Amino acid sequence: MIHITNDEFNKLSFYIKQHSGIHLKDEKKTMLVGRLNMILTERGFTDFTSYYDYLQKDKDGSELSLLIDKVTTNHTYFMREPEHFSYFSKEVLPYLESSVSHKDLRIWCGASSSGEEPYTLAILMEEYFGKNSLFWDKKLLATDLSTMVLDTARKGVYSKDKVNSLPKTWVHKYFDQYDEANYQVKKTLRDQVIYRRFNLLEPVFPFKKKFHAIFLRNVMIYFDNPTKDALVQKMYNALEYGGYLFIGHSETINRDKSQFKYIQPAVYRKI
């Protein structure tokens, strides 16, 4: 086991926060060491200072992506926090159907992880619009900082255990048997999701048009309050008026510093 000094931990945690917004408190030191020891061993490093110096030379972001993948859980599954998906189907989609001009829906999953969330939303939109789906542009933007989870998401291959949590009619309509142990999201549905690597800390979001709904769930639990407040404001600016923001049920928004209107637990709206 390679041990970490206080100075090394401070440097590495600052690097992580600077590049991802994730705030590691002192009590996370043991977790960090445990998750990164294998990486250091594989790279041939005997201390965290050498690893930190190596990170400084990371040109394409691949090492940062691997680091972030290790310090976050990426724990997700189909229909996670189902109240959100129910509200999206019963309240948000009818509102958007009646109010969005040119049938151009813009939905963003800001922390897509391995793809279960965006594919769930894509299925819900297919189910809602039915035969009228062809008349709507409803491609989702799904972003994450980790290239590893994005690669998994693009392939859309999931174990039987994960897929079996969905209604059987959905599995039949939207998945193909990949092998004995896995299913793959049908290409027609995979084509409905655009995956991109994106850092939420970007000072200015590059999107040309505003979104009608943003899902940013279970991400801000990693951020300190100033970082979270700044991100919430950027999300507000990225939404159309009347648009919705969905966050994780374990997360909150500082209503004294935000213009969002509270709708129900973990659902907010730009009014």
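Structure: see above.
Parameters and conventions
Residues numbered from 1 in each chain as written. Predicted model: local features only at pLDDT ≥ 70, side-chain atom pairs only at ≥ 80, totals over all residues. Heavy atoms only, no water. Pairing = 2+ DSSP bridges. Helix = DSSP H or I, 4+ residues; strand = E, 2+ residues; numbered from the N terminus. Axes fitted to C-alpha atoms, helices over the stretch in contact; angles between N-to-C directions. Contact = heavy atoms within 4.5 Å. Parallel < 35°, antiparallel > 145°, perpendicular 65-115°, else oblique. Nonpolar A, V, L, I, M, F, W, Y, C, P; charged D, E, K, R; others polar. Phe/Tyr/Trp six-rings, centres within 6.5 Å; stacked < 30°, edge-to-face > 60°. Buried < 20%, exposed > 50% of the residue type's maximum accessible area, 1.4 Å probe, protein only. Lys NZ or Arg CZ within 6 Å of the ring centre and 35° of its normal.

With that settled, the discussion passes to the sheet that holds strand E9 (residues 261–264). Taking strand neighbours across the sheet as the criterion, the seven strands line up as E6-E2-E1-E7-E8-E10-E9 in an open arrangement whose pairing is mixed. The sheet is open, and its two edges are formed by strand E6 (193–197) and E9, each paired on a single side. Taking the axes of each pair of neighbouring strands and ignoring which way they run, one obtains an average angle of 20° across the sheet. Of the strand pairs in this sheet, strand E1 (residues 107–109) and strand E7 (residues 211–216) are connected by three bridges, and their pairing is parallel. Among the inter-strand pairings, Ile 107 is bridged to a residue of E7, identified as Ala 213. Contacting E1, E7, strand E8 (239–247), E9 and strand E10 (267–269), helix H5 (residues 82–99) runs over the sheet at an angle of about 170° to E8. Lying on the sheet, helix H7 (residues 147–155) is in contact with strand E2 (140–144) and E6; it crosses E6 at an angle near 165°.

Two numbers describe how helix H4 (residues 62–71) lies on H7: the axes approach to 8 Å, and their chain directions differ by 85°. When the axis of H4 is compared with that of H7, the two are roughly perpendicular. From H4, Ser 65, Leu 66 and Asp 69 reach across to H7, where they touch Thr 147, Met 148 and Val 149. Here the residues of the contact of H4 with H7 are counted per class, giving three nonpolar, two polar and one charged.

The next point concerns the sheet that holds strand E5 (residues 182–185). Ordered in space as E3-E5-E4, the three strands form an open sheet in which the pairing is antiparallel. Here the strands that pair on one side only, and so sit at the sheet edges, are strand E3 (157–159) and strand E4 (175–177). Pairs of neighbouring strands in the sheet enclose a mean axial angle of 35°, with direction left out of account. Two strands pair when backbone bridges link them, and E3 and E5 are joined in this way by three bridges, in the antiparallel orientation. When the bridges of E5 are listed, Ser 159 appears paired with Asn 182.

Right, let's get into the packing of aromatic side chains. Within this structure, the stated rule accounts for 27 aromatic pairs. An angle of 90° between the planes, with centres 5.6 Å apart, marks the rings of Trp 108 and Phe 205 as edge-to-face. Of this pair, Trp 108 sits in strand E1 while Phe 205 sits in the loop between E6 and E7, placing them 97 residues apart in sequence. Neither residue differs from the other here; Trp 108 and Phe 205 are each classed as buried. Ring centres 5.4 Å apart and planes at 70° place the aromatic pair Phe 198 and Phe 205 in the edge-to-face group. Neither Phe 198 nor Phe 205 differs from the other in exposure class; each is buried. An aromatic cluster is present here, built from Phe 85, Tyr 87, Phe 88, Tyr 95, Phe 215, Tyr 244 and Phe 246 joined pairwise through their rings. Above the face of the Tyr 95 ring, Arg 269 is positioned so that its terminal group lies 4.5 Å from the ring centre. The ring of Tyr 241 carries Lys 270 above its face, with NZ or CZ at 4.5 Å from the centroid.

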